[in-house]
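Chain by chain, the residues run as shown.
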Amino acid sequence: MRAPLLSVGMLFCAVALHAQGASAHKSALSWGPAPAVFPKGAKMAVVRGDPSKADQFTVELSLPNGYKIPPHFHPTDETVTVKKGTLLVGMGDSLDLSKAKAMKAGKKGSIPAQQHHYAAARGATVISVKAMGPFAMTYVNPADDPQKAGQ
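Just so you know, these numbers come straight off a predicted model, no measurement behind them.

Parameters and conventions
Residues numbered from 1 in each chain as written. Predicted model: local features only at pLDDT ≥ 70, side-chain atom pairs only at ≥ 80, totals over all residues. Heavy atoms only, no water. Helix = DSSP H or I, 4+ residues; strand = E, 2+ residues; numbered from the N terminus. Buried < 20%, exposed > 50% of the residue type's maximum accessible area, 1.4 Å probe, protein only. Phe/Tyr/Trp six-rings, centres within 6.5 Å; stacked < 30°, edge-to-face > 60°. Contact = heavy atoms within 4.5 Å. Polar contact = N/O pair within 3.5 Å; in protein donor to acceptor, adjacent residues only side chain to side chain. Salt bridge = Lys/Arg side-chain N within 4 Å of Asp/Glu carboxyl O.

With respect to the environment of Gln147
- You can see Gln147 is positioned in the segment after strand 9 (138–139).
- In this structure Gln147 comes out as partly exposed when scored by relative accessible area, which is 42%.
- For the pair Gln147 and Phe38, spaced 109 residues apart in sequence, the C-alpha to C-alpha distance is 8.3 Å.

This is the structure in structure tokens:
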């Protein structure tokens, strides 16, 4: 009778240690300013892979309330999962939040390569983005590109 109880106890300990390890991994993310292609104010952490290489990667973006990403597109498909807050996502060549769809925490969606889209944060928002690298973002209106501001 003791052996099964001991096994169950060890199983609970293993599950608890795994959960602590996963939790420590999440808090161990190295956050910094998002790359210059994003409007100022966003923070980014690389979760898996290297966005500059031709391979799968996952990053998390932390967006302050009211943060907007003007219409843009990517050369590869991307999958976005909202971890916290609400991400407003719209399709097209002009930022029109009245036509955007709200993705609340826990929602996941995909955007195909070359699809023109825009986004905004309602409340402090954290999203996970999975895609194939190398990461690239092209603004529909080149004047919206923060890297070209002041040129």
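Moving on, there is more to tell.
Quick word on the packing of aromatic side chains
- The tally for this structure, following the rule as stated, stands at 2 aromatic pairs.
- A ring pair is formed by Phe38 and Phe135, whose centres lie 5.9 Å apart and whose planes are at 15°; its orientation type is stacked. Pair noted here: Phe38 is in the loop between strand 1 (32–33) and strand 2 (43–48) and Phe135 is in the loop between strand 8 (117–132) and strand 9, with a separation of 97 residues, a long-range link.
- What makes Phe38 buried here is its relative accessible area of 8%.
- Taking the relative accessible area as the measure of exposure, Phe135 reaches 30% and is therefore partly exposed.

Looking at the environment of Thr76
- Topologically, Thr76 is positioned in the loop between strand 4 (68–73) and strand 5 (78–91).
- Judged by its relative accessible area of 21%, Thr76 is partly exposed.
- Not counting chain neighbours up to four residues away, the residues in contact with Thr76 comprise Ala113, Ala131 and Met132.
- A distance of 3.1 Å separates the side chain of Thr76 from the backbone oxygen of Met132, its partner in a polar contact.

A closer look at unusual backbone geometry
- Between Gly133 and the following residue, Pro134, the backbone shows a cis peptide bond with an omega angle of 0°.
- For Pro134, the location among the structural elements is in the loop between strand 8 and strand 9.

Structural notes on the pattern of salt bridges
- For the structure on display, the rule yields 3 salt bridges.
- For Asp50, the salt bridge identified is with Lys53, shortest N-O distance 3.6 Å.
- According to the relative accessible area criterion, Asp50 is partly exposed, its value standing at 31%.
- When the shortest N-O distance is used, the salt bridge between Lys83 and Glu60 registers 3.5 Å.

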